[in-house]
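Breakdown of the fold
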Amino acid sequence: MKSLLKIWPLLLVSFCIFTKAQKTPDSVLIKKARLEIYDNPDNTIKIGERLLKKSYDVKTSIQLYKLLSTAHIAKRNFEESLRYIMKAKELSQKTNDPWSHAEVLISVAIQYQQMELFSKSLETLNEADQYIAKIPDKNPLKYVETATSYAIRGMIYKSQSNSEIALEKFLISIQNFEKVPVKKTTNSNMSVVLYNIGYCYLNLNQIDKAQEAFVESLNYARKNYSKSLEAFALKGIAEIHKKKHENQPAINLLLKAENLCKNIGDITLNEGIYKELAENHLAMGQQNLYQQYNKKYLEMRFKRKQNELKSINQVIDNHNKETSLKSEKLKSYYRYIKIGSVLLGCIFIVILLYSIIKIRKQNKNFHKEIQQMIRTS
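Residues numbered from 1 in each chain as written. Predicted model: local features only at pLDDT ≥ 70, side-chain atom pairs only at ≥ 80, totals over all residues. Heavy atoms only, no water.

**A few points about the pattern of salt bridges**
Per the counting criterion, the structure on display carries 10 salt bridges. Salt-bridge contacts for lysine 66 lead to glutamate 103; the nearest nitrogen and oxygen are separated by 3.9 Å. Separated by 37 residues along the polypeptide, lysine 66 in helix α3 (residues 58–74) and glutamate 103 in helix α5 (residues 98–114) bring together distant segments of the chain. The same class applies to lysine 66 as to glutamate 103, namely buried. Glutamate 271 is the partner of arginine 304 in a salt bridge, and the nearest nitrogen-oxygen pair spans 2.5 Å. Of the two residues, arginine 304 is situated in helix α14 (residues 287–376) and glutamate 271 in helix α13 (residues 267–283); the sequence distance between them amounts to 33 residues. Exposure class is identical for arginine 304 and glutamate 271. Each is buried. (Salt bridge = Lys/Arg side-chain N within 4 Å of Asp/Glu carboxyl O. Helix = DSSP H or I, 4+ residues; strand = E, 2+ residues; numbered from the N terminus. Buried < 20%, exposed > 50% of the residue type's maximum accessible area, 1.4 Å probe, protein only.)

**A word on the nonpolar core**
Core analysis: the largest hydrophobic core is formed by 52 residues, its most contacted members being Phe170, Val193, Ile197, Phe214, Ile273 and Leu277. No other element matches helix α9 (residues 187–203), which puts 10 residues into this core. Sequence-distant contacts of valine 193, defined by excluding residues within four places in its chain, comprise Ala151, Phe170, Ser173, Ile174 and Phe177. Residues Tyr65, Ala71, Leu82 and Leu91 belong to the second largest nonpolar core, which totals 22 residues. (Core = buried A, V, L, I, M, F, W, Y, C linked by side-chain atoms within 4.5 Å. Contact = heavy atoms within 4.5 Å.)

**Re the packing of aromatic side chains**
This model, assessed by the stated rule, comprises 6 aromatic pairs. When the centroid spacing of 5.2 Å and the interplanar angle of 85 degrees are considered together, the rings of tyrosine 195 and tyrosine 199 count as edge-to-face. Taken together, the residues span about one helical turn, with tyrosine 195 and tyrosine 199 both in helix α9 at a distance of 4 residues. The exposure class of tyrosine 199 is buried, given its relative accessible area of 1%. (Phe/Tyr/Trp six-rings, centres within 6.5 Å; stacked < 30°, edge-to-face > 60°.)

**Concerning the side chain of asparagine 270**
The topology assignment puts asparagine 270 in helix α13. The class for asparagine 270 is buried, based on a relative accessible area of 13%. For asparagine 270, the residues in contact, after removing those within four places along its chain, are Cys261 and Met300.

**A look at the environment of leucine 52**
Counting through the fold element by element, leucine 52 comes out in helix α2 (residues 41–53). Here the alpha-carbon distance between leucine 52 and leucine 68, two residues 16 residues apart in the chain, equals 9.7 Å. Ignoring sequence-local partners within four residues, the contact set of leucine 52 consists of Ser61, Leu64, Tyr65 and Leu68.

**So, α5**
For α5, with 17 residues, the first-to-last C-alpha span of 24 Å sits near the 24 Å given by 1.5 Å per residue. Buried residues dominate α5, accounting for 16 of its 17 residues. Just downstream of α5 lies glutamate 116, where phi reads positive at about 65 degrees. (Expected span 1.5 Å × (residues − 1).)

**Points about the confidence of the model for the protein**
Taken as a whole, the protein shows an average pLDDT of 82; of its residues, 85% reach a score of 70 or greater. When pLDDT is averaged over each helix and strand of the protein, the minimum, 74, is found for helix α1 (residues 25–35) and the maximum, 95, for helix α8 (residues 163–178). Between residues 1–22, whose pLDDT stays under 50, and residues either more than four places distant or in other chains, the model counts 89 contacts. (pLDDT = per-residue confidence, 0-100.)

Here you go:
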């Protein structure tokens, strides 16, 4: 059940849609890449890499690295995704724009959340919140980043089986997405959050509320013509049918979901669909179909685990690099303190020697004066 409930981070794509770039050929291509990130991540990667080769603007490069990172998340290629988002983080240090910093940090937090490094994700979100606070209150980007931050927190609590706390975070996320004036840009995000709300209600055994949330998620997915999001929502509704022992309707929805996402390459989505198909066929006593889908489920599960292991190694490498940099900074800091202490000590000794020489000279003069006074008396 745990792997089935792993949250899909599709909300991560649309935070950068609000950028007010002029309609150049490149900006049109970037928009096209963003629109295809859910259903054709390979094309998004192809466009992103091509544009990155000729990008000289820091903010544009950050957006492209972030785009490539999210496209690789959609393919469950965490190692590549992490590599690109770390490049975006490195570049963001060259800008003073709080939104750029917040956006990249939230993307990093999502990466950690997907890899189940929850404490690292929450730590990164707390850092991002400091930059979100600096974005002007009337700026729609503030609502988007706040909504996304709460959505990720909700996902973390849901993964830790804290469905009540997760619901609180998700509802705050929904409230902030609803404040964004351009609704089209948040439809996909609303679909993802509602999908997760559905599972929270399912975990709390509130079946009617869960079904309502999944249906809402489906409606938002269809508004943006997102096949993958629609597949996720259908999978959620199928679980409601399974709970009610309505296995054939559940299978029908899952087969439709499988058909929708067949060219997307989302390992976790396929894993969840195959697992549900296997369980429903088993409940109906269809052993051959159960074995067929269970084999597919285990293959997807193995592939996902392999990707996660690779990405964890990448995280360890990045952590070691960060630790090494911090160590170098501390060494430099203490080196400067040491040099400063030596210089201050030298200055103090010089002043002390000068004072001693001056006092001795004064004493000699006083001695001469006294001797002279004695003679004259």
